[in-house]
Every structure is written in structure tokens, then in C-alpha cells.
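Listed here are the chains, written in short residue letters.
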Amino acid sequence: MKFTEFRVKAQDVYKAVLEADAKRNECKQDTKTTIGRIYVQSYVDEQCKAVDEKFSAFVVEQADELKALASEVIAEHREKLEKALSVAPTAEQLNLLTALQLRDDISEGELNSIAGQLGTNFQAIKALQSIAKKKGVNMHLPEKYDYETSKDNLDKAEKYLSERIYNLRNYRSKMQLDFYDRMFFGEGGYDNFYGAYTAELD
């Protein structure tokens, strides 16, 4: 599952929580209106507490399912990243790298173009960076071509998701959610933080 797809799923879960919250508040209001005139306050409070407990159990269940799915997504991307690291350059890539070593005139633009052709074969990219360094050419590669940056972004994404899901699990009201929660779960908007960590990983 892609990180973009996971966010859509998380937004669906959040929407379900908001709908359940609205029903909870409506139920509590109805309870106070209908039985509040007949029964003592302690009984009314007890009924409202039961409604809150049922809602909290629903939220915890939804958050725990989302947490399990997040763990799967992170593990899947981590495995993909580690696998990419262990893939040796192809014979064609090795021939290209060997030819580059024999040349004296290599431009940064040419190296960046070749990096795009090598894809996310990290061993080939590292060899290309080594050649560039020896030739005195600076290379500025996109994050997806750098293993350490990709790994760091994956760790950050995992932490970010863990925090969002933890806050959702402890949901009491919409106002309690912080800025980052609203950015992540909010519909229609782009989450700059989540996007910065995951854009190059999908």
C-alpha cells in the first residue's frame, strides 16, 4: 500500500470517528432531554457515561486497526528499501559506469541524467557518486536516489504516523486534536509534513 493510499484510509477512519462523535453528542442530549425530567441527575449521568464508554471503545478499535495497517505499510516500505540496497548493478549499468570512469569530461547534468536511468539501484548510484567525486563534479541527487535519506524519511514517517494515531486513539473531542492531526486527517488539504517524508518513498 502506498503512503498516499494509507492517508485516504486514515481520513475515512477519522470521518467515521467524527460521525460517531456527532451521534454520541446527539444521544447524550436526547438522554438529558427525555429522562432528565423524570430521573435523578445521577442516573442521567450514568446513562451519558455509558454512551461515552461505547464511543471510546469504538475509537480505540478504529485507531488500533489503523495502527496495525500503518505497521504493515512501514514494514513493506522498509523491506522494499532494504531489498533495493542489496541489488547489484546490472551488466548494462556496470558497462555504463566503467565507460564513465574512462572519461575526463563529465558534466553534472549528464551525471544527474544517468542517475535517473539507474533508478533506485542504490549500489549503482553510490558507484556513480564515487565516479563524480573522483572527477571533481558535484552531484545533487533527488532524495529517492539516496538510501540514507530514504531510510531517515521512512523513520520520520513512522514516528509521525505513530503520533497521529496515538492522538486519534485518545480522541475526546475535535477541538482536542493538534495542528498536525488536523493537517493529516483533514480532507482536501495537502499535509506538508507527511508529504515531505513520504513523497519520494511511494
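Keep in mind it's a predicted model, so treat the numbers as computed, not measured.

Peer 1: How do you make sense of the environment of Lys-23 when you look at a structure like this?
Peer 2: Looking at where Lys-23 falls in the secondary structure, it is placed in helix H1 (residues 3–34). Residue classification places Lys-23 among the exposed positions, given a relative accessible area of 61%. Separated by 28 residues in the primary sequence, Lys-23 and Val-51 place their C-alpha atoms 9.7 Å from one another.

Peer 1: In this structure, what is going on with the nonpolar core? I would like to understand it.
Peer 2: Side chains of a nonpolar character, in soluble globular proteins, are inclined to be buried together. If you look at the biggest cluster of nonpolar residues, it comprises 31 residues, and the most contacted ones within it are Phe-3, Phe-6, Leu-66, Leu-161 and Phe-184. Of all the elements in the fold, those that place two or more residues in this core are H1, helix H2 (41–85), helix H6 (147–169) and helix H7 (179–185). Dropping the residues within four chain positions of it, Phe-3 is found in contact with Val-73, Ile-74, His-77, Leu-154, Ala-157, Leu-161, Tyr-194, Thr-198, Leu-201 and Asp-202. Formed by 16 residues, the second largest nonpolar core is a distinct cluster that contains Ile-106, Leu-111, Ala-115 and Val-137.

Peer 1: Where do I start with the pattern of salt bridges in this structure?
Peer 2: Side chains that carry opposite charge are capable of pairing whenever their charged atoms lie near each other. Counted according to the given criterion, the structure contains 14 salt bridges. Ionic pairing is found between Asp-64 and Arg-169, a salt bridge with its closest N-O pair at 2.7 Å. You can see Asp-64 sitting in helix H2 and its partner Arg-169 sitting in helix H6, a full 105 residues away along the chain. When its relative accessible area of 33% is taken as the criterion, Asp-64 is described as partly exposed. Residue classification places Arg-169 among the partly exposed positions, given a relative accessible area of 34%. A salt bridge links Arg-164 to Asp-178; its shortest N-O distance comes to 3.7 Å. Here Arg-164 is found in helix H6, whereas its partner Asp-178 is found in the loop between H6 and H7, with 14 residues between them in sequence. Residue class for Arg-164 comes out buried when judged on its relative accessible area of 2%. Residue classification places Asp-178 among the partly exposed residues on the basis of a relative accessible area of 29%. The network of salt bridges with shared partners includes Lys-159, Glu-163, Arg-164, Asp-178 and Asp-181.

Peer 1: Help me understand the confidence of the model for the protein, please; the structure alone is not making it clear to me.
Peer 2: Reading fine detail from the predicted coordinates is not recommended where pLDDT is low. Per-residue confidence for the protein gives a mean pLDDT of 89; residues scoring 70 or more make up 99%. When the elements of the protein are averaged for pLDDT, helix H4 (residues 108–118) gives the smallest value, 86, and H6 the largest, 95.

Peer 1: How should I be thinking about the side chain of Arg-24 in this particular structure?
Peer 2: Mapped onto the secondary structure, Arg-24 falls in helix H1. Of the residues examined, Arg-24 reaches a relative accessible area of 12% and is grouped as buried. With residues up to four places along the chain from it excluded, the contact list for Arg-24 reads Val-51, Asp-52, Phe-55 and Arg-172.

Peer 1: What's the story with the packing of helix H3 (residues 91–101) against helix H5 (residues 122–134) in this structure? I'm lost.
Peer 2: Packed helices, taken two at a time, are described by the angle between their axes plus the distance between the axes. The interhelical angle for the contact between H3 and H5, taken along N-to-C directions, is 5°, at an axis separation of 10 Å. Considered as vectors, H3 and H5 are oriented roughly parallel to each other. For the pair formed by H3 and H5, the contact residues are Gln-93, Leu-97, Leu-100 and Gln-101 on the first element and Ala-124, Ala-127, Leu-128 and Ile-131 on the second. Residues of the contact of H3 with H5, tallied by class, amount to 6 nonpolar, 2 polar and no charged.

Conventions and cut-offs
- Residues numbered from 1 in each chain as written.
- Predicted model: local features only at pLDDT ≥ 70, side-chain atom pairs only at ≥ 80, totals over all residues.
- Heavy atoms only, no water.
- Helix = DSSP H or I, 4+ residues; strand = E, 2+ residues; numbered from the N terminus.
- Buried < 20%, exposed > 50% of the residue type's maximum accessible area, 1.4 Å probe, protein only.
- Core = buried A, V, L, I, M, F, W, Y, C linked by side-chain atoms within 4.5 Å.
- Contact = heavy atoms within 4.5 Å.
- Salt bridge = Lys/Arg side-chain N within 4 Å of Asp/Glu carboxyl O.
- pLDDT = per-residue confidence, 0-100.
- Axes fitted to C-alpha atoms, helices over the stretch in contact; angles between N-to-C directions.
- Parallel < 35°, antiparallel > 145°, perpendicular 65-115°, else oblique.
- Nonpolar A, V, L, I, M, F, W, Y, C, P; charged D, E, K, R; others polar.

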